[in-house]
Every structure is written in structure tokens, then in C-alpha cells.
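Breakdown of the fold
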Amino acid sequence: KKGVSFAYSLFYLEENMKNIKSYLITDPNYFSNNPEKFEEKLRAVLKNHKIDFACFRDKSSQNIEELAKIFLQICKEFKIENIFINSNITLATKLGFDGVHLNSQQFDKIENAKKSNLITIISCHTLKELENSMKKNIDFVTYSPIFDTPNKGKAKGVEQLNEATKNFPNLKIFALGGIIKDEQIKDIEKTKAYGFASIRYFI
């Protein structure tokens, strides 16, 4: 009963946040690359959180396609409206994902992704990259790291996020990086950010 009560409280809290979008990103270090464990973990996360966007991100496992199929199936079961895969345009098209989340070295792939009728997100770390994204008519971007994140360099902070959203009001910007607490999300809500993206917050 305690577990159910906690899950309900968490869901209620997220439901009553400002209309800011939530973006789940997976990582094999937290979700496992064992198909059964992966499915179990993903189901638990989707039951406990309100998720608007979800991305399958795995750069190391040998069974990526198998896991991606499981991810897609379960996200559809939970009626996630925007389901992405990280970087892999070919696999996104083959399996029927809604879109692809490109990394910051893949600006040259944006046109290809759009020609494949994929909703496209790209990772940005500088104002120049945000400007390039806008010029390429990107659908969404992540801007990071906003808070301290292992091995991701100096945190930009909410002030720089606020600056970015003001400089590029037409970009749909997800804050990313080190988001693990509700207090951080409340700070993000004070900006014009479209949403927040995280791995660890949802675990």
C-alpha cells in the first residue's frame, strides 16, 4: 500500500505541474539490456510517471534492435504520444518509431531524418547550436547540461537556460542534464522551456 500511495502521490505531483512536457530517456546502466529486466523496469517507470516523450537510448548493447522493439511496443501500450530512438535513423524508420533524437554531431542528418518523415530532436550545448537548429527547422532540441551531470562538463544553470529560451522563443527546448529532483523542475518551469528531459529522475 505504501508503494501504491507513493506512486499515486508522484503521479499527482507531476499532473499538477505547470504544463511542461516530460521526456524520458533510457540508458542500459539503469534499465538493463536483459530483455525481461528491461521490460520490467520500463513498465515500472511508465506506471509511476506521466511521460509525454520517450526515447530509447542505447549505444553499447549487442541486442539493440530487440530492446528497441520492446521499448516501442510498451510505449504504445502506455499511449506515449512521441516515441523516439537515439541517433539511428535507419532503425527508427524500419521499426516505425515516431522520431529520432540526433546527437550534436549529426546536424547534417536533420534533412535526412525529415525526409524519412521522422519527428526530429537534436542535442545542443551552445547558443550557436541552437541557432543552427532553428535555421534547419528542427522540431525540438535538448539543451544541456543544465545541472551538474557526471562527465558532461560545467553546468549551465537555469539562468543560461532562461537566456536560451528568450533568445530563441520559437524553439521547443527541453532542459537536460542532472535533473533528478522536483525542485529542479520547478526552477525550469520559471523559464520558457518547453519541457525537461532526464534519465535518472524517472528511475
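Our subject is the structure listed above.
About the thresholds
Residues numbered from 1 in each chain as written. Predicted model: local features only at pLDDT ≥ 70, side-chain atom pairs only at ≥ 80, totals over all residues. Heavy atoms only, no water. Helix = DSSP H or I, 4+ residues; strand = E, 2+ residues; numbered from the N terminus. Expected span 1.5 Å × (residues − 1). Buried < 20%, exposed > 50% of the residue type's maximum accessible area, 1.4 Å probe, protein only. Arc of directions from axis to C-beta. Polar contact = N/O pair within 3.5 Å; in protein donor to acceptor, adjacent residues only side chain to side chain. Phe/Tyr/Trp six-rings, centres within 6.5 Å; stacked < 30°, edge-to-face > 60°. Axes fitted to C-alpha atoms, helices over the stretch in contact; angles between N-to-C directions. Parallel < 35°, antiparallel > 145°, perpendicular 65-115°, else oblique. Left-handed = near helix turned anticlockwise from the far one by under 90°. Contact = heavy atoms within 4.5 Å. Nonpolar A, V, L, I, M, F, W, Y, C, P; charged D, E, K, R; others polar.

**Examining helix α3 (residues 35–48)**
- The end-to-end C-alpha distance of α3 is 20 Å, a good match for the 20 Å that 14 residues give at a rise of 1.5 Å each.
- Every buried residue of α3 is listed here: P35, F38, L42, V45 and L46. Seen end-on, α3 carries its buried residues on one side only, within an arc spanning 95°. Turned more than 90 degrees away from the buried face of α3, the exposed residues are E36, K37, E40 and K47.
- Where α3 starts, the residue carrying a side-chain oxygen 3.1 Å from the main-chain nitrogen of E36 turns out to be N34.

**Concerning the packing of aromatic side chains**
- All told, the structure shown has 17 aromatic pairs when counted by the stated rule.
- Three or more aromatic residues joined by ring pairs make a cluster, and in this case those are Y23, F53, F84, F140, F174 and Y194.

**Some thoughts on unusual backbone geometry**
- Across the junction of S144 and P145, the peptide omega takes the value -10°, indicating a cis bond.
- Its location among the elements puts P145 in the loop between β6 (140–143) and α8 (157–167).
- In this structure, S32 takes a positive phi of about 80° despite not being glycine.
- Structurally, S32 is set in the loop between α2 (28–31) and α3.
- Although it is not a glycine, K79 sits at a positive phi angle of roughly 60°.
- Along the chain, the position of K79 falls in the loop between α4 (64–77) and β3 (82–86).

**Overview of the packing of α3 against α4**
- Interhelical geometry of α3 versus α4 gives an angle of 25° and a closest axis separation of 10 Å. Taken as axis vectors, α3 and α4 run roughly parallel relative to one another. Pair α3 / α4 crosses with right-handed handedness. Contact residues: P35, F38, E39, L42, R43 and L46 in α3; E66, L67, I70, F71, I74, C75 and E77 in α4.
- Partitioned by chemical class, the residues of the contact of α3 with α4 number 9 nonpolar, no polar and 4 charged.

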